[in-house]
Amino acid sequence: MSEFIRVSISEEAHIAEARRHALLLARNLGFSRTDAYHLATAVTELAANIHHHAGGGEVRLRAVARRGAVGIEVVARDDGPGIADIGLALRDGFSTAGSLGCGLPGARRLMDEMEIRSEAGRGTWIRACKWIAAATAKIAC
Amino acid sequence: MKIPVLRLGAILLTSIQVDLTDTEVMQFQADVLSVIAETEGRGLAIDITALEVVDSFMARTINDTASMARLLGAEVVVCGMRPAVALTLVEMGRELIGVETTFNLDDGLARLQRKIAQRGDNALAASGSS
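Now for a quick tour of the structure. Bear in mind the structure is a predicted one, so any value in this text is a computation, not a measurement.

Brief notes about the interface of chain B and chain A
No. 1: With 20 residues of chain B in contact, the opposing surface of chain A contributes 24 residues.
No. 2: Between chain B and chain A, roughly 1900 Å² of surface is buried when both sides are summed, and carbon and sulfur atoms account for 55% of that area.
No. 3: Viewed at the interface, chain A and chain B are joined by one salt bridge.
No. 4: Residues Glu52(B) and Arg27(A) are paired through a salt bridge, measuring 2.7 Å at the closest nitrogen-oxygen approach.
No. 5: Summed over the shared surface of chain B and chain A, the result is nine residue pairs in polar contact (both at pLDDT 80 or more).
No. 6: Counting only elements with at least two residues in the side of chain B that touches chain A, the list comes to α1 (22-39), α2 (56-72) and α3 (83-92) of chain B.
No. 7: Here the side of chain B that touches chain A takes six residues from α3(B), the largest share from any one element.

Shown next as structure tokens:
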């Protein structure tokens, strides 16, 4: 439905760049402030994961539509070490990096949908969506 | 981006107005703690009115900074969290556990002065100067 916004994550400042793009896109689409912050925080967590665990990758954002709803799709992709146990990574309090371990499960709660594919040594691909009712959106679809 | 730490008598005041990278958040933590130690500040107010996104790293660092500041001997309040930020943090499962929060900076300063007074640092709290 629309062009991708692609943010390459190769240094820390790019995490904030991904966040800014997410906030802007959410505002342009007519997301409420809470939905926009939910999305932007989840994007921050996903981008931070790429930076901290994989060393680099990219985040792509785009507006999507389905019957009665518009949304923002986030795809976070990296060629890092992969997630050995996705179930474990989604559990609150689990971390391999000595952090609190609420980034990935937190991001999943903030988004409406999340799908994770990962292969050891090959990288990780995460697709997540946040939807709002089409009636409240600012764009026709 | 260096976050200024202002001194108001025995209370230190800092306001996060911009997006910080993780490195800048850590720098902020180090700066705040060193100013507390240098000035023997009795209270620290962290204003986050302008923050739109508090991710898990920022939340953890605010928590840690508050714990460390308390270990040094300062009381801490976080002021002005936006409602949408509060909703996001709770949804994420990340509350700012153990950090006192107030609606705004005014309330934050009043709370700090009360807490400092309760500790017996009456002169400091009342005069507002050390």
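With respect to the nonpolar core
No. 1: Of all hydrophobic cores here, the largest spans 70 residues; its most connected members are Val59(A), Val74(A) and Leu104(A).
No. 2: With 10 residues, the single largest contributor to this core is helix α2 (residues 33-54) of chain A.

Some details on the sheet that holds strand β1 (residues 5-9) of chain A
Residues and elements named next belong to chain A.
No. 1: Ordered by their spatial adjacency, five strands build an open sheet running β1-β2-β3-β5-β4, and the pairing between neighbours is antiparallel. Two strands lie at the open edges of the sheet, namely β1 and β4 (113-119), each paired on one side alone. Each neighbouring strand pair of the sheet contributes to a mean axis angle of 15°, computed without reference to strand direction.
No. 2: Bridge analysis of β1 against strand β2 (residues 57-66) gives five bridges, and the strand direction is antiparallel. If you follow Val7 over to β2, its bridge partner there is Val59.
No. 3: Strands β1, β2, β3 (69-78), β4 and β5 (123-133) of the sheet are contacted by α2, whose axis makes an angle of about 10° with β3.

Conventions we followed
Residues numbered from 1 in each chain as written. Chains lettered and ligands numbered in written order. Predicted model: local features only at pLDDT ≥ 70, side-chain atom pairs only at ≥ 80, totals over all residues. Heavy atoms only, no water. Contact = heavy atoms within 4.5 Å. Buried area = accessible area lost by both parts, 1.4 Å probe. Salt bridge = Lys/Arg side-chain N within 4 Å of Asp/Glu carboxyl O. Polar contact = N/O pair within 3.5 Å; in protein donor to acceptor, adjacent residues only side chain to side chain. Helix = DSSP H or I, 4+ residues; strand = E, 2+ residues; numbered from the N terminus. Core = buried A, V, L, I, M, F, W, Y, C linked by side-chain atoms within 4.5 Å. Buried < 20%, exposed > 50% of the residue type's maximum accessible area, 1.4 Å probe, protein only. Pairing = 2+ DSSP bridges. Axes fitted to C-alpha atoms, helices over the stretch in contact; angles between N-to-C directions.

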